[in-house]
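Overview (structure and organization)
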Amino acid sequence: MPEANILLVDDDVDIRHIVHRVLSDNHRYTVTTCKNASEALEYLDKHCYDLVISDIRMPGMDGIGLVQEISQRCPDLAIILIGAYQEDMPDLESVRQVVTGFLPKPFDIDELLEIVNQILTK
Amino acid sequence: MSDQAATKPHLAPSPVPTKKQAKVISDGIALLDGSTIIAANEAFADMFGYQDAEVIGLELGDLVTPESRELLNQMLLEEDDTPLPVTGLRKDGSEFPGHLHAVMTALSGKSERVIAIRYITGFIDLEKERDATIELLRLIHTSSDLHELMAETTSMLRRWSDCEAVGIRLRHGYDYPYFETRGFPEEHILLEDNLCAVDAQGEPILDSDGNPLLECMCGNVICGRYDPNKSFFTESGSFWTNCTTDLLATTTDKDRMVRTRNRCNGEGYESVALIPLRVGDQPFGLLQFNDKRKGRFTPELIDQLQRLGNSLAMALAQREAVMALQESEEKYRSLVESAKETILTTDPKGRVASWNSGGQAMLGYAAEDVLGKSLAVLFPDNAWSEEFQLIQMMDQAGQVKSHESVALSREGMRIPVELSISTIRNERGGVAGYSAIIRDITERKQAHEQVARAAKLSALGHMAGGIAHEISSPISTILLHTQFLLKEKDLDDSLRQDLERIEGAATRTREIVNHVLAFARKAPAKPQPCDVEHLLESCLRQFSNEIDQAQVTIERNIETALPILLLDDVQIQQVVLNLLRNAAQAMPEGGVLTISARAHPEEDAVLIQVTDTGVGIPPEHRKNIFDPFFTTKEIGEGTGLGLSLSYGLVEAHGGTIEVESEVGAGSTFTITLPLTLAVEHSA
């Protein structure tokens, strides 16, 4: 598995905690977490990341907005969006070109690892 | 009769009433010596077509026709003073009817007896006119057939007027052709039948008011185009002349108010009278009197004919009104009879007075079954007082606009109905009865129930979707943490087991969440062209892995060359798998599961059926099985979401799921998917 810097954006503290642990577990992924889109953008300004994993529904700018911002700043950055499949679907259309992967929730460890590894292996 | 007889004429040897007077009085008065005329007034001379002085010295006998002479002589001999009908003979040889009334008078003291003859032409024989009117009215009211009436009337008028030819024009469409004639030659009728000229396309030519133009004097009379100052028109718009030749010679088209066809004159008719048949300003036609002899008419005769014409016109108007009323009643009756609804009337006490065939069709009662009975017979007992209250409940207008209830048919079937009641009022404003319309609203109720069910499902789905969405994060947390912990190598067994139970529960919860989220879905995610055969084979492959093939036998009945459908194959596979799993679960001891697919010829659809030989679904559950969370299974064996989810997914494709089932024998679920996919939102 490659080394990679991952930025995780989610307003749910428990999700941040466990996803951080799961992804860091292999010691090759370095995971930074933040709780909303504006924090994420600050981090992105200062550091380089290989992958952004973001929840769609967040207070303030939502995941879709964040994707749009990222696509302007770092067009090659891989992005995985986490969301409840159906309700978020219509919004997803607008950023389909840019989003690299979609992880429907609720998700388990296998699903999470599979999609992350898959994207970072490319 | 004898007003004139009572008044003695105030005579001077040359009385000379003014022309105007003469016209009004129409008395021709002559003094006789023996039977010779020694003096006469202008009217007398006029009457016989002589200049004033010419009549002096003539024998009275010369002034009447030979047939009248004998009677005349007898009258003079006997000094009979009763009016004698005679036929006068004019200077030009024409004849006219009149009454001779001799009055004996003595001249200034001389012993000579002088007979003053008051010759009254057109003596208004009121009795005769009365008889004629009575006969006409009798004819009108005893003839049921218009043709019969007109034929008899024409004959009567001919007799009465003593004219050669009598015709009646009546309205037909926009023209006034001859309805009946006596004495007119065929050719005349043919040529004169139409008053209205038509253009090249056969459309009537219109006048300046936009009405069809009626030509000729007949047209004038019918349309009321006349100048009352002209002598050949009467005050009320009749036309008459005793000499068409003279009339044509002395007047212009303008005077006569129209371009006349002059046919009557061409055929030799000299005396022509046209009497309009009209009520108010509504024309019905006219009466026509033609005679080749001159001088058939007098103003009095014309007046009489006008009065007869008015009676006839009124009768015609009356007939028209009656017929229109009958037609309207007939229309109403057929409207009521052809209606699907039950339409009935009651007396003021609510007892049925009339009942239509719609009532028989809907409720099974023929008219004789319900007439005289109270409305209560239609409504089950406990609703009777409600219906009775209805009458109390009527609003100020005396109406119940619509009230839902349940009616009882003759066979005892309960039919949901809507009832509308109105009060029928009599002329004094009191209640004469009630009218009611009863509508079968079974279909409407069913449609409402479907809509309600769909709305309920939609609301449930919406709420469930909201909940599911909210819990998806916490579920992820539980699942991820548990799985993470389970990765620890040194877990003791009981801890590991506990964690596994938690993981299992979280996974099941996730399943529920996914089902619910899918259920709340608004539109199929990705409709794509799908081969139904492939789709079903794929489902069966997956399904076979899940079941024990020894117990459940799978039979296939899938048609080849099924039409390609546009659908979300993931969703439809979900639905089919759901049905297959349910079918297997219905047969815990094993059995036969049949899956079939065929094209439905009429419905433009593909039918997929899953049949099992399992326990079946009891009737009381059948209507609930598509409800979300409804399950008869044990806790943990299923979410109870499968069928409601399947229902929603199929609906979203514009299709339907239906079930047939028999307890102990098995169930068949049928999915109908239309070819033309209306991919709309659903539940």
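That block above? That's the structure.
Because the structure is a prediction, the values reported are computed rather than measured. (Residues numbered from 1 in each chain as written. Chains lettered and ligands numbered in written order. Predicted model: local features only at pLDDT ≥ 70, side-chain atom pairs only at ≥ 80, totals over all residues. Heavy atoms only, no water.)

**Considerations on the overall build of chain A**
What counts, and what does not: Secondary structure elements are taken from DSSP: a helix is a run of H or I of four residues or more, a strand is a run of E of two residues or more, and numbering for both begins at the N terminus. Under the scheme applied here, a residue whose accessible area is under 20% of the maximum for its type counts as buried, over 50% as exposed, and between as partly exposed, the area being computed with a 1.4 Å probe on protein chains only. It only takes one pair of heavy atoms within 4.5 Å for two residues to be counted as in contact. Methods summary: accessible areas were calculated by the Shrake-Rupley approach with a probe of 1.4 Å, and residue burial reflects only the protein chains presented.
A count of helices and strands for chain A gives 5 helices and 5 strands. In chain A, the succession of helices and strands from N to C terminus is β-α-β-α-β-α-β-α-β-α. Relative to its 122 residues, chain A shows a buried fraction of 52%. Contacts spanning at least 24 positions in sequence make up 64% of the contacts within chain A whose residues lie at least 6 apart. Carbon and sulfur atoms make up 46% of the accessible area of chain A, which totals about 5,900 Å².

**Focus on the interface of chain A and chain B**
Interfaces are often described in size by the accessible area the parts lose on coming together. To be explicit about the condition: Buried surface area refers to the total accessible area, computed with a probe of radius 1.4 Å, that the two partners give up upon joining, counted for both partners together. For salt bridges, the criterion is a side-chain nitrogen of Lys or Arg within 4 Å of an Asp or Glu carboxyl oxygen. Residues adjacent in sequence count toward polar contacts only when both atoms are side-chain atoms; beyond that, a polar contact is any pair of N or O atoms within 3.5 Å, and within protein one must be able to donate a hydrogen and the other to accept it.
Facing the 22 residues of chain A at the interface are 21 residues of chain B. The contact between chain A and chain B buries some 2,000 Å² in all, and 62% of this surface belongs to carbon and sulfur atoms. In this assembly, chain A and chain B are joined by 2 salt bridges. A salt bridge links aspartate 108 of chain A to arginine 510 of chain B, with the shortest nitrogen-to-oxygen separation between them at 3.8 Å. For the interface between chain A and chain B, the tally reads 5 residue pairs in polar contact (both at pLDDT 80 or more). Breaking the side of chain A that touches chain B down by element, the ones donating at least two residues are helix 1 (13-24), helix 4 (85-93) and helix 5 (109-121) of chain A. Ranked by residue count, the leading element in the side of chain A that touches chain B is helix 1 of chain A, at 7 residues.

**Focus: the pairing of strand 22 (residues 666-674) of chain B**
Residue and element names in this part refer to chain B. Rule in force here: DSSP bridges decide pairing: two strands pair if at least two such bridges lie between them.
Among the 9 residues in strand 22, 9 count as buried, and that is most of the element. The alternating pattern of strand 22 places Gly666, Thr668, Thr670, Thr672 and Pro674 on one face and Ser667, Phe669, Ile671 and Leu673 on the opposite face, and all of these are buried. Of the pairings in the sheet, the one linking strand 20 (residues 605-612) to strand 22 comprises 8 bridges and is antiparallel in character. Residue pairing across strands places threonine 611 opposite threonine 668, the latter belonging to strand 22. Here strand 21 (residues 656-662) runs beside strand 22; their pairing, made up of 7 bridges, is antiparallel.

**Concerning the environment of arginine 225 of chain B**
Residues and elements named next belong to chain B. Position of arginine 225 among the secondary structure elements: in the loop between helix 8 (216-223) and strand 8 (239-241). It is 9.5 Å that separates the C-alpha atoms of arginine 225 and arginine 256, two residues lying 31 residues apart in sequence. Residues in contact with arginine 225, not counting those within four places in the same chain, are Leu213, Leu214, Gly219, Asn220, Phe233, Met257 and Val258. Polar side-chain contacts of arginine 225 include one of 2.8 Å to the side chain of asparagine 220.

**Regarding the sheet that holds strand 6 (residues 165-170) of chain B**
Residue and element names in this part refer to chain B. Just so we agree on the cut-off: Where helices are involved, their axes are fitted lines through C-alpha atoms of the stretch in contact, as for all axes, and angles between N-to-C directions lie from 0 to 180°.
The strand order 7-6-10-9-8 describes an open sheet built from 5 strands, whose pairing is antiparallel. Whereas interior strands pair on both sides, the edge strands pair on one side only; in this sheet they are strand 7 (178-182) and strand 8. Adjacent strand axes in the sheet meet at a mean angle of 15 degrees, parallel and antiparallel pairs treated alike. Relative to strand 9 (residues 271-279), strand 8 runs antiparallel, the two sharing 3 bridges. Note that in strand 9 the partner of phenylalanine 239 across the bridge is leucine 274. Against the sheet, helix 8 touches strand 6, strand 8, strand 9 and strand 10 (282-291), its axis set at about 30 degrees to strand 9. Against the sheet, helix 12 (residues 299-338) contacts strand 6, strand 8, strand 9 and strand 10, and its axis sits at roughly 35 degrees relative to strand 9.

**Topic: the nonpolar core**
Nonpolar side chains tend toward joint burial in soluble globular proteins. Residue and element names in this part refer to chain B. Worth spelling out the cut-off: Residues enter a nonpolar core if they are buried and are Ala, Val, Leu, Ile, Met, Phe, Trp, Tyr or Cys, with the set joined through side-chain atoms within 4.5 Å.
Ranked by size, the top nonpolar core spans 43 residues in total, and within it Leu536, Val576, Leu580, Phe669 and Ile671 carry the most contacts. With 8 residues, helix 19 (residues 569-585) is the single largest residue contributor to this core. Dropping the residues within four chain positions of it, valine 576 is found in contact with Leu535, Leu536, Cys539, Ile595 and Ile671. Counting residues in each nonpolar core, the second largest holds 30 residues, with Leu136, Leu139, Phe284 and Ala313 among its members.

**Regarding the packing of aromatic side chains**
All names here are of chain B. Selection criterion: Note on aromatic pairs: the rings of Phe, Tyr and Trp (six-membered ring only in Trp) are paired at centre separations within 6.5 Å, and the planes decide the class, stacked below 30 degrees, edge-to-face beyond 60, tilted for the rest. Criterion for a charge above a ring: Arg CZ or Lys NZ at most 6 Å from the ring centre, at most 35 degrees from the ring normal.
All told, the structure shown has 9 aromatic pairs over all chains when counted by the stated rule. When the ring of tyrosine 226 is compared with that of phenylalanine 233, the centres are 6.1 Å apart and the planes differ by 50 degrees; the resulting orientation is tilted. For tyrosine 226, a relative accessible area of 27% translates into the label partly exposed. We classify phenylalanine 233 as buried; its relative accessible area is 4%. Taking 5.2 Å as the distance between ring centres and 40 degrees as the angle between the ring planes, the aromatic pair formed by phenylalanine 626 and tyrosine 647 counts as tilted. Placement of the pair is phenylalanine 626 in the loop between helix 20 (619-622) and helix 21 (642-652) and tyrosine 647 in helix 21, with a sequence separation of 21 residues. Just as phenylalanine 626 is buried, tyrosine 647 falls in that class too. Grouped by ring-pair contacts, the aromatic residues Tyr226, Phe232, Phe233 and Phe239 constitute a single cluster. Directly above the ring of tyrosine 178 sits arginine 169, whose terminal nitrogen or CZ lies 4.0 Å from the centroid. Lying over the aromatic face of phenylalanine 284, arginine 171 brings its terminal NZ or CZ to 5.4 Å of the ring centre.

**Observations regarding the pattern of salt bridges**
Residue and element names in this part refer to chain B. Tallied over the full model, the rule gives 22 salt bridges over all chains. Between arginine 171 and glutamate 320 there is a salt bridge, with its nearest N and O atoms 2.9 Å apart. Placement of the pair is arginine 171 in the loop between strand 6 and strand 7 and glutamate 320 in helix 12, with a sequence separation of 149 residues. Residue glutamate 320 is classed as partly exposed on the basis of its relative accessible area, which comes to 36%. Salt-bridge contacts for arginine 556 lead to glutamate 537; the nearest nitrogen and oxygen are separated by 3.3 Å. Taken together, the residues span a long stretch of sequence, with arginine 556 in strand 17 (residues 552-558) and glutamate 537 in helix 18 (residues 532-546) at a distance of 19 residues. Judged by relative accessible area, glutamate 537 falls into the partly exposed class, the value being 26%. It is possible to trace a salt-bridge network through shared partners that takes in Asp162, Asp291, Arg293 and Arg296.

**Considering the packing of helix 19 of chain B against helix 21 of chain B**
All names here are of chain B. How we decide: Two helices cross in a left-handed way if the nearer one is turned anticlockwise from the farther one by less than a right angle. They cross in a right-handed way if the turn is clockwise. Just so you know the grouping, Ala, Val, Leu, Ile, Met, Phe, Trp, Tyr, Cys and Pro go in nonpolar, Asp, Glu, Lys and Arg go in charged, and all remaining residues, Gly too, go in polar.
Axis separation between helix 19 and helix 21 bottoms out at 9 Å; the angle between their running directions is 145 degrees. In terms of crossing hand, the pair formed by helix 19 and helix 21 is left-handed. Residue-level inspection shows Gln571, Gln574, Val575, Asn578, Leu579 and Asn582 of helix 19 in contact with helix 21, the latter providing Gly642, Leu643, Leu645, Ser646, Leu649 and Val650. Class assignment of the residues belonging to the contact of helix 19 with helix 21 gives a composition of 6 nonpolar, 6 polar and no charged.

**Section: unusual backbone geometry**
Going from lysine 105 of chain A to proline 106 of chain A, the amide bond is cis rather than trans, its omega being 5 degrees. On the secondary structure map, proline 106 of chain A appears in the loop between strand 5 (101-104) and helix 5. The backbone of aspartate 162 of chain B sits at a positive phi, close to 60 degrees, despite the residue not being glycine. Mapping aspartate 162 of chain B onto the fold places it in the loop between helix 6 (146-161) and strand 6. For aspartate 162 of chain B, a relative accessible area of 45% translates into the label partly exposed. The phi torsion at alanine 561 of chain B lies on the positive side, around 55 degrees, for a residue other than glycine. Mapped onto the elements, alanine 561 of chain B comes out in the loop between strand 17 and strand 18 (565-567). Judged by its relative accessible area of 73%, alanine 561 of chain B is exposed.

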